[in-house]
Structure formats: C-alpha cells, structure tokens
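# Chain and residue survey
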Amino acid sequence: MSVTKSYAGDGGYPASYYAATRNIIRTPVKLQGRVETDICVVGAGYTGLATAIHLAEKGNKVTVVEGAQVGWGASGRNGGQIVNGLNVSLSTIRSRFGEDAARFIGGLVQEGGRIIRRLVS
Ligand SMILES: Cc1cc2nc3c(=O)[nH]c(=O)nc-3n(C[C@H](O)[C@H](O)[C@H](O)COP(=O)(O)OP(=O)(O)OC[C@H]3O[C@@H](n4cnc5c(N)ncnc54)[C@H](O)[C@@H]3O)c2cc1C
C-alpha cells in the first residue's frame, strides 16, 4: 500500500471504534518497482476488497492498491449494519419496471447480505 498526502492527509485512520479495536495492524508499504498482476484493484474498501477476494477465489492474481490504508474510507467509518432495504420500495420498482425487475433487485439485496456474512465468517 502506498501512503499519499493528496486526499488522505497522512493516511492515518480517523478516531473510531474500528480503529481502536482492530486486531491486525499493518504498516503501509509503498508500492515500488514493477508489479505483474492479472488484475489491479484500486481502493481497499468493501468494494475493492470484495472484488479482489472474489477474483482471487476464481484463480486470478490480484493486486490491491490503496492510497491511504485498508478501510480508510467510508468502509472504516460506517454504522456496520447490513441494510436490507432500498431507497425506493419494491412495489415502486414493480410498478415502474415490472415483476421480473422487482424480483431480481429484491434478490440482489438478500444475496448481498449473504455475501457479507460469508466474507465475514
Ligand atoms: C457515516 C457512514 C455510515 C454508514 N453506515 C452504513 C451502514 O450502516 N450500512 C451500510 O450498508 N452502509 C453504510 N454506509 C455506506 C458504506 O460505508 C459505503 O457504501 C461503503 O463503505 C463504500 O465502500 P467502498 O469500498 O465503495 O468505498 P470506501 O470504503 O470509501 O473505499 C474507497 C477506498 O479507495 C481509496 N481510494 C480512493 N481513491 C483512490 C486512488 N485514486 N488511489 C488509491 N486509493 C484510492 C480510499 O482511500 C478508500 O480506502 C455508511 C457510510 C458512512 C460514511
């Protein structure tokens, strides 16, 4: 990982429950030289790490590049709740886009929760 002062200050975590109770403390390492990889993921929040884990599980060599630290962004500052809802109701989606779309999107919400629980465990 490389620490930059452009948008993340000194790259240190803001004071939070997560930062205070983390049990793995890594010293960020600056990326140096040339790195060969199948896929480079930029950003080590939930999105980047989940993407990297899924791609690695499929056999790809994945490199994650982070400008601050793992979980430095929204992922290290949130309420930690798995939200099983959408900004609009499924009935609104159904009336606008049809039954198939509503079922698909409703299924994505449930699947998201299952993916999170699997990754955590
Ligand atoms: C206060 C708060 C409370 C929330 N509560 C909840 C909740 O209870 N439940 C819920 O489901 N969601 C919640 N959310 C939303 C959730 O946290 C975000 O949707 C999620 O963390 C986004 O993850 P991300 O990986 O996309 O982004 P981030 O976690 O922000 O990760 C992006 C990463 O990319 C890095 N980066 C950015 N640009 C570059 C670059 N050019 N080069 C290298 N690295 C870069 C950043 O440093 C950062 O680490 C909350 C958000 C906030 C802010």
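Numbering of residues begins from 1 in every chain and follows the order in which that chain's sequence is written. With pLDDT at 70 or above as the cut-off, local features in this predicted model cover only qualifying residues; side-chain atom pairs require 80 or more to be listed or tallied, and sums for whole chains, interfaces and linings still use all residues. Only hydrogens and water are removed before side-chain values are computed, so all heavy atoms of the structure are retained for them.

### Comments concerning the site of the ligand
Inspection of the region around the ligand gives 18 residues, with Tyr-7, Thr-47, Glu-66, Ser-75 and Gln-81 positioned closest. Any pair of N or O atoms that falls within 3.5 Å is considered a polar contact. Within protein, one atom must be able to donate a hydrogen and the other to accept it, and sequence-neighbouring residues count only if both atoms are side-chain atoms. Between the ligand and Ala-74, the relevant distance is 3.0 Å, taken from an oxygen atom to a main-chain nitrogen or oxygen of the residue. One nitrogen or oxygen atom from the main chain of Gln-81 is found 2.7 Å from a nitrogen atom belonging to the ligand. Per-residue accessibility takes into account occlusion by the displayed protein chains alone, with areas from the Shrake-Rupley method and a 1.4 Å probe. When the ligand sits alone it has 1000 Å² of accessible area, and the protein chains cover 55% of it. Residue type decides the class: Asp, Glu, Lys and Arg count as charged, Ala, Val, Leu, Ile, Met, Phe, Trp, Tyr, Cys and Pro as nonpolar, and the leftover types, Gly among them, as polar. Split by residue class, the shell around the ligand holds 6 nonpolar, 10 polar and 2 charged. Near is defined per residue: the residue qualifies when any heavy atom it owns lies within 4 Å of the molecule or strand.

### Section: the domain arrangement of the protein
Domain delimitation follows an automatic or database domain assignment. Domain assignment breaks the protein into domain 1 (1–78) and domain 2 (81–121). Using only C-alpha atoms to locate each centre, domain 1 and domain 2 end up separated by 27 Å.

### Digging into helix H2 (residues 46–57)
For the α-helix, the turn length of 3.6 residues means that residues three or four positions removed from each other point alike. With 12 residues, H2 should reach 16 Å at 1.5 Å per residue; the first-to-last C-alpha distance of 16 Å fits that figure. A run of H or I in DSSP counts as a helix once it spans at least four residues, and a run of E counts as a strand once it spans at least two, with each numbered from the N terminus. Looking at the residues trailing H2, positive phi occurs at Gly-59, about 100°. To estimate how far a helix should extend, the number of its residues minus one is multiplied by 1.5 Å.

### Observations concerning the environment of Lys-61
Its location among the elements puts Lys-61 in the loop between H2 and strand E2 (62–65). Separated by 21 residues in the primary sequence, Lys-61 and Cys-40 have C-alpha atoms spaced 8.8 Å apart. It only takes one pair of heavy atoms within 4.5 Å for two residues to be counted as in contact. In contact with Lys-61, other than residues within four places in its own chain, are Glu-36, Thr-37, Asp-38 and Ile-39. Reaching out from Lys-61, the side chain makes a polar contact with the backbone oxygen of Glu-36 at a distance of 2.9 Å.

### Examining the pairing of strand E1 (residues 39–42)
Paired strands, in this sense, are two strands between which DSSP finds at least two bridges. Sheet topology places E1 next to E2; 4 bridges connect them, and they run parallel. Paired with Ile-39 across the bridge in E2 is Val-62. By the criterion used throughout, a crossover qualifies as right-handed when its path from the first strand across the helix to the second strand runs clockwise, the strands pointing away from the viewer. A crossover links E1 with its parallel partner E2, the connecting element being H2, and its sense is right-handed.

### Description of the packing of H2 against helix H4 (residues 99–120)
The axes used here are C-alpha line fits, helices contributing only the stretch in contact, and every angle between their N-to-C directions lies in the interval 0 to 180 degrees. Two numbers describe how H2 lies on H4: the axes approach to 12 Å, and their chain directions differ by 75°. In terms of orientation, H2 lies roughly perpendicular with respect to H4. Together, Ala-50, Ile-53, His-54 and Glu-57 of H2 and Ile-115, Arg-118 and Leu-119 of H4 make up the contact between the two elements. Classifying every residue of the contact of H2 with H4 gives 4 nonpolar, 1 polar and 2 charged. We call two directions roughly parallel when the angle between them is under 35 degrees, roughly antiparallel when it is over 145, roughly perpendicular when it lies between 65 and 115, and oblique otherwise.

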